Amino acid sequence: MEHLIRSWDGEYVVVRYDGEAGAWMFIAIHSTTLGNASGGSRMKVYDTPGDGLRDAQRLAAGMTYKWAGVDFPLGGGKGVIALTRRLEGKERDRLLERYGQLVESQRGAFSTGADLGVGPELVKVIGRETTHVFGLRGAGDPGPYTALGVFTGIQTVAAVLFGSTDLADRTVVVQGIGNVGLPLCKKLAEAGARLKIADANADRAAGVAAELSGEPVEPDAVYSEPCDIFAPCAVGGVLNAYTIPQLRCRAVVGSANNQLAEPEDAQRLHNRGILYTPDFIINSGGAIALCGMEALGMSDDYVVRKILSVSDTLNSIFEEAKENGESPVAAAERRARRVLERGPA
Ligand code: PHE
């Protein structure tokens, strides 16, 4: 962990070991160039505490790009609670309260909200101990807002690839039906898309598939499942040297943070002719809603318009990438870096 912290290109990491739960807490602050750091808090079981730290650092960097991508005056940070075993009930809540105290101790240098393993209900538990938490007023659950952005991105990509935003009979594979995946599936079903649904919890996948007239898919089969669009909405690192050759989709448009296992994967997708929407652009809807409404005083209407504008952003990224013969990730990162170099608007 010493090496991870020393060699990081971010600003600093706050670490607390929680003896009671045997859990590690990390708050990684990647960049405050545009403002105070804000990002969700994730709680899951990791093989080692170092894996949790690395996740926090990478996710925090993703938030720096996410805020720059929408030009919000906020910095990149992320919280990770690295568990050694699953926690339930009171034990879990007490850990989250202690995590809330750690967030509070930062006195606003880091504000947080929902992420994988920390749904809207658990955000309330963190919020017992700190005011620096989003999702309790105004925006509420960020999941549907993130899903709105991803859905809009899927329509945008359909227009680029197939000449129309119409999703009727387009096949979409959705990986993960959590707080974003589920509302996304509902919107896709309404739009007439053919759904193939996978989740780590197979019963849940089967239930949602039955409800939305979709088809359940085995978790391991998602990559090779033929489809128009693959939507990873669960963990990160799912696009890698092993999975990319298996893909049988035309585009990848999903909500998961850090979808690429390593930077080279952007080029791997590009070489295969698969259109990839950079995660930090496509999944910014929840962040826009939470912080837009609860920190920056934006109205619900304004926030929704801002989320829908992801379509214009994607189109200009695709154009810039095409002109330069590069992957959309390269174009999107350059765009974000321009904002970071300029500084807060
Ligand atoms: N965790 C979500 C994201 O990565 C939502 C979130 C954004 C939560 C910003 C808190 C702050 O976008």
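Worth saying up front: this structure is predicted, and the values here are computed from it rather than measured.

1. Details of the overall build of the protein
Scanning the protein from terminus to terminus reveals 13 helices and 12 strands. Against the 2.2 N^0.38 benchmark of 20 Å for 345 residues, the protein shows a C-alpha radius of gyration of 19 Å, consistent with a compact globule. The principal-axis extents of the C-alpha atoms in the protein amount to approximately 50 × 50 × 40 Å. Counting the 345 residues in the protein, one finds 57% classified as buried. Within the protein, contacts between residues at least 6 apart in sequence are counted, and of these 65% link residues at least 24 apart. Summed over all atoms, the accessible surface of the protein reaches about 14400 Å², with 48% contributed by carbon and sulfur. Counting 36 positive and 43 negative side-chain charges, the protein places the centres of these two groups 1 Å from one another.

2. Observations regarding unusual backbone geometry
The phi angle at aspartate 71 is positive, at roughly 55 degrees, despite the residue not being glycine. Looking at the secondary structure, you find aspartate 71 in the loop between α2 (49–70) and β5 (75–83). At aspartate 169, a position not held by glycine, the phi torsion is positive, near 70 degrees. Here aspartate 169 shows up in the loop between α5 (143–162) and β7 (171–175). A residue is classified by how much of its surface remains accessible, and aspartate 169, at 52% relative accessible area, is exposed.

3. Focus on the packing of helix α12 (residues 310–324) against helix α13 (residues 328–342)
Here α12 crosses α13 at 115 degrees, and the two axes come no closer than 8 Å. As the angle between them shows, α12 and α13 are arranged roughly perpendicular. Crossing angle aside, the handedness with which α12 passes α13 is right-handed. Touching Thr313, Ser316, Ile317, Phe318, Glu320, Ala321 and Asn324 of α12 are Pro328, Ala331, Ala332, Arg334, Arg335 and Arg338, all from α13. Of the residues belonging to the contact of α12 with α13, the class tally is 6 nonpolar, 3 polar and 4 charged.

4. A closer look at the environment of methionine 1
You can see methionine 1 is positioned in the segment before α1 (2–6). Each C-alpha atom of the pair methionine 1 and valine 15 lies 11 Å from the other, and the pair is 14 residues apart in sequence. Apart from the residues within four sequence positions on either side, methionine 1 is in contact with Trp24, Phe26, Pro49, Gly50 and Leu53.

5. A word on the site of the ligand
Lining the immediate surroundings of the ligand are 14 residues, of which Lys66, Lys78, Ala114, Asp115 and Asn257 lie closest. Contacts to the ligand include lysine 78, whose side-chain N or O atom sits 3.1 Å from an oxygen atom. One of the side-chain nitrogen or oxygen atoms of aspartate 115 is found 2.8 Å away from a nitrogen atom of the ligand. Out of a free accessible area of 320 Å², the ligand has 95% covered by protein chains. The set of elements that each furnish at least two residues to the shell around the ligand consists of α2 and α10 (285–294). A total of 3 residues in the shell around the ligand trace back to one element, the largest contributor, which is α2. Within the shell around the ligand, the residues separate by chemical class into 5 nonpolar, 6 polar and 3 charged.

6. Considering the nonpolar core
Within the largest apolar cluster, 44 residues are counted, with the highest numbers of intra-cluster contacts made by Ile154, Val174, Leu184, Leu188, Ile197 and Val253. No other element matches the 6 residues that α5 contributes to this core. Apart from residues no more than four positions distant in its own chain, valine 174 is found in contact with Gly181, Cys185, Leu188, Leu195, Lys196, Ile197, Ala198, Ala231 and Cys233. Residues Ala23, Met43, Leu83 and Leu96 belong to the second largest nonpolar core, which totals 24 residues.

Reading guide: rules and limits
- Residues numbered from 1 in each chain as written.
- Predicted model: local features only at pLDDT ≥ 70, side-chain atom pairs only at ≥ 80, totals over all residues.
- Heavy atoms only, no water.
- Helix = DSSP H or I, 4+ residues; strand = E, 2+ residues; numbered from the N terminus.
- Rg over C-alpha atoms; globule rule 2.2 N^0.38 Å.
- Buried < 20%, exposed > 50% of the residue type's maximum accessible area, 1.4 Å probe, protein only.
- Contact = heavy atoms within 4.5 Å.
- Areas by Shrake-Rupley, 256 points an atom, 1.4 Å probe, with all protein chains shown as cover.
- Lys, Arg positive; Asp, Glu negative; His and termini not counted.
- Charge placed at Lys NZ, Arg CZ, Asp CG, Glu CD.
- Axes fitted to C-alpha atoms, helices over the stretch in contact; angles between N-to-C directions.
- Parallel < 35°, antiparallel > 145°, perpendicular 65-115°, else oblique.
- Left-handed = near helix turned anticlockwise from the far one by under 90°.
- Nonpolar A, V, L, I, M, F, W, Y, C, P; charged D, E, K, R; others polar.
- Near = heavy atom within 4 Å.
- Polar contact = N/O pair within 3.5 Å; in protein donor to acceptor, adjacent residues only side chain to side chain.
- Core = buried A, V, L, I, M, F, W, Y, C linked by side-chain atoms within 4.5 Å.

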